[in-house]
Amino acid sequence: MDAVLKIGGVPVTELKERYGTPLYVYDEEKLLHQCRQYSQYFSCDAFDTEVLYASKAFSCIEMLRLVKNQGLSVDVVSMGELFTALKAGISPDRIYFHGNNKTLEEIQYALDNHVQTFIVDNLQEAYLLVEEMKTRDYVLHVLLRINPCIEAHTHAYIQTANIDSKFGIHLESISQIVDLIQTLKQSNHIVFDGFHAHIGSQIFEKEAFVKEIETMFSLIDTMQKKGILCNTLNLGGGFAVHYTNEDQPIPISVFSSVILETCQKMQELYHTNIQKILIEPGRSIVAEAGSTLYTVGFIKKTPHKKYVFVDGGMSDNIRPSLYQAKYEADIVNHMDQKKTEIVCVAGKCCESGDILIDSIALSPCDSGDLLMVYSTGAYGFSMFNNYNRNLRPAVVFVKEGNSRLVVKRETLQELVRGDVCDEDPV
Ligand SMILES: Cc1ncc(COP(=O)(O)O)c(C=O)c1O
Ligand SMILES: N[C@@H](CCCC[NH3+])C(=O)O
């Protein structure tokens, strides 16, 4: 085994030298592979299909260009994500606009840019859209977000479909659903296409998705009996990935066919007329392609622990603090050495909870060594925060022995750019 780990053919020591640390490193070939898997497997004869990349998982112009070149569409949930998608050249008819509390400014911005599909969350949003579409002359497509009340076995903070979820309209609120659709139908410029549901994130069980589909088709059937027809069903994202060896995610090929076959079965059972099935994977496209490279700083022994401190932490990866998320890591400039030490990898933020990995076996390390945390590609960069005024790390893509910068490291000047003061800063 080589002493120095290579990612996409590039030695991590070279990455450190060229870009510094902390550094988000994406293996471009893995990103492409995931997109291709979705295009290949999420298709069937019975339905049109569309895969929307949930850009909240990792959004920057270069990532969205890659997604676009692979023929995927994009889901956005804010003006910032929408702006990034437009900058990346994604056509507005491939953009789906989500959000439980879209502001008027965001709605107007999306409509000004002719975003083709809104996933409407509530009745107030429907009223606003009808009003806004009075002065516009294009056709807006709408899906209505339903809370299907399916309890997926994932961390409570990333469940999205429990009974009091803030997202969507509760499945059993039939009169609210009908009201909302009737409201949309007042506009000649709005077409109601169908429903959306999303049951949570990092979900391992196929059964949860099967239940979601059964539930949604039953709703479509109820609506059909009331004379409300729809042609599109968006089943959201949530497909699990590998963080540690405890995780055994279902391959894309398997859950794609389970989803599409279940849809077909339900279509036959209820005699519905769904023509298009959509999914919105985020994490499963980017998580395993990304890793974070850190430099080891001080090392400290306490009565019960040995700490290895790194030059990042909860500002570049908040998931361990927020969800007790688990990760694997290595000392990547001496991969040839045995993992003989049990340590706690902690960050540099002024917060006791700033622990990246509570307990992990690593090879012996010293200040200046390089530590890489794997599978950080989803909700790492995108949930970055400037706590302690830490600077946002750079992002690089690596492929076939070459690396390229896709997001620059934030500078101190950029950090204070928005600060207002009476005198010019020194
Ligand atoms: C509506 C919606 N779609 C898609 C996703 C993407 O989920 P994941 O990254 O787990 O695939 C999310 C996030 O959970 C979401 O809220
Ligand atoms: N941010 C979460 C996922 C939430 C997805 C948005 N509904 C995570 O890091 O796991």
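This structure is a prediction, so every number in the text was calculated from the model and none was measured.

Enquirer: How should I be thinking about the overall build of the chain in this particular structure?
Expert: Per the secondary structure count, the chain includes twelve helices and 20 strands. Taken against the 2.2 N^0.38 rule, which gives 22 Å for 426 residues, the C-alpha radius of gyration of the chain at 23 Å falls within 12% of a compact globule. For the chain, the spread of C-alpha atoms along the principal axes amounts to about 70 × 55 × 40 Å. Within the span of the chain, comprising 426 residues, buried residues form 54% of the whole. For the chain, the proportion of contacts with a sequence separation of at least 24, taken over those separated by at least 6, is 71%. Surface summary for the chain: the accessible area is close to 19200 Å², and the carbon and sulfur share equals 48%. Looking at charge distribution, the chain has the averaged site of its 39 positive side-chain charges lying 2 Å from that of its 55 negative ones.

Enquirer: What am I meant to see in the pairing of strand S12 (residues 276-279) here?
Expert: Bridge count for strand S4 (residues 48-54) against S12 is four bridges, and the pairing is parallel. Along S12, the bridge assignment pairs Thr49 with Ile277. Note that strand S11 (residues 232-234) and S12 share three bridges and pair parallel. If you follow Asn234 over to S12, its bridge partner there is Leu278.

Enquirer: What's the story with the pairing of strand S3 (residues 23-27) in this structure? I'm lost.
Expert: If a strand is regular, its side chains alternate between the two faces of the sheet. Of all the five residues making up S3, five are buried; the element is thus mostly covered by neighbouring parts of the structure. Examined bridge by bridge, S3 and strand S19 (residues 394-399) share five bridges and lie parallel to one another. Within S19, the position partnered with Asp27 by the bridge is Val398.

Enquirer: Is there a simple way to think about the site of ligand 2 in this case?
Expert: Surrounding ligand 2, one finds seven residues, the nearest of these being Arg283, Arg319, Tyr323, Tyr379 and Met383. The contact in question runs from an oxygen atom of ligand 2 to an N or O atom on the side chain of Arg283, over 2.7 Å. Contact between ligand 2 and Arg319: an oxygen atom at 2.6 Å from a side-chain N or O atom of the residue. Here ligand 2, which alone exposes 320 Å², has 84% of that area covered by the protein. When grouped by side-chain class, the residues that make up the shell around ligand 2 number four nonpolar, no polar and three charged.

Enquirer: Would you take a moment to explain the site of ligand 1 for this structure?
Expert: Surveying the vicinity of ligand 1 reveals 15 residues, the closest of which are His198, Ser201, Glu280, Arg283 and Tyr379. One of the backbone nitrogen or oxygen atoms of Gly238 is found 2.9 Å away from an oxygen atom of ligand 1. Within the contact set of ligand 1, a nitrogen atom lies 2.7 Å away from a side-chain nitrogen or oxygen of Glu280. Relative to its unbound accessible area of 390 Å², ligand 1 is 93% covered by the protein chains.

Enquirer: I would appreciate a short explanation of the pattern of salt bridges in the present structure.
Expert: Should the charged atoms of two oppositely charged side chains come close, the side chains can pair. Inspection of every chain in the model, using the stated rule, returns 15 salt bridges. Here Lys276 makes a salt bridge to Glu50, at a shortest N to O gap of 2.6 Å. Here Lys276, found in strand S12, pairs with Glu50, found in strand S4; they are 226 residues apart in sequence, far enough to count as distant. Of the residues examined, Glu50 reaches a relative accessible area of 9% and is grouped as buried. A salt bridge links Glu62 to Arg404, with the nearest nitrogen and oxygen atoms 3.0 Å apart. With Glu62 in helix H3 (residues 61-69) and Arg404 in strand S20 (residues 402-407), this pair connects stretches of sequence that are 342 residues apart.

Enquirer: Looking at this structure, I do not really get the packing of aromatic side chains. What am I missing?
Expert: In this description, an aromatic ring pair is defined by two values, namely the gap between the centres and the angle between the planes. In the structure shown here, the tally under the stated rule is 13 aromatic pairs. Between the aromatic rings of Phe58 and Phe381, the centroid separation amounts to 5.6 Å while the plane-to-plane angle is 85°, which identifies the pairing as edge-to-face. Placement of Phe58 in the loop between S4 and H3 and of Phe381 in the loop between strand S18 (370-374) and S19 is noted, with a sequence separation of 323 residues between them. Each ring, one from Tyr307 and one from Phe309, has its centre 5.5 Å from the other, and the planes form 25°; the classification is stacked. Here Phe309 falls in the partly exposed class, since its relative accessible area comes to 21%. Members of the aromatic cluster, joined through ring pairs, are Tyr24, Tyr26, Phe58, Phe381 and Phe397.

About the thresholds
- Residues numbered from 1 in each chain as written.
- Chains lettered and ligands numbered in written order.
- Predicted model: local features only at pLDDT ≥ 70, side-chain atom pairs only at ≥ 80, totals over all residues.
- Heavy atoms only, no water.
- Helix = DSSP H or I, 4+ residues; strand = E, 2+ residues; numbered from the N terminus.
- Rg over C-alpha atoms; globule rule 2.2 N^0.38 Å.
- Buried < 20%, exposed > 50% of the residue type's maximum accessible area, 1.4 Å probe, protein only.
- Contact = heavy atoms within 4.5 Å.
- Areas by Shrake-Rupley, 256 points an atom, 1.4 Å probe, with all protein chains shown as cover.
- Lys, Arg positive; Asp, Glu negative; His and termini not counted.
- Charge placed at Lys NZ, Arg CZ, Asp CG, Glu CD.
- Pairing = 2+ DSSP bridges.
- Near = heavy atom within 4 Å.
- Polar contact = N/O pair within 3.5 Å; in protein donor to acceptor, adjacent residues only side chain to side chain.
- Nonpolar A, V, L, I, M, F, W, Y, C, P; charged D, E, K, R; others polar.
- Salt bridge = Lys/Arg side-chain N within 4 Å of Asp/Glu carboxyl O.
- Phe/Tyr/Trp six-rings, centres within 6.5 Å; stacked < 30°, edge-to-face > 60°.

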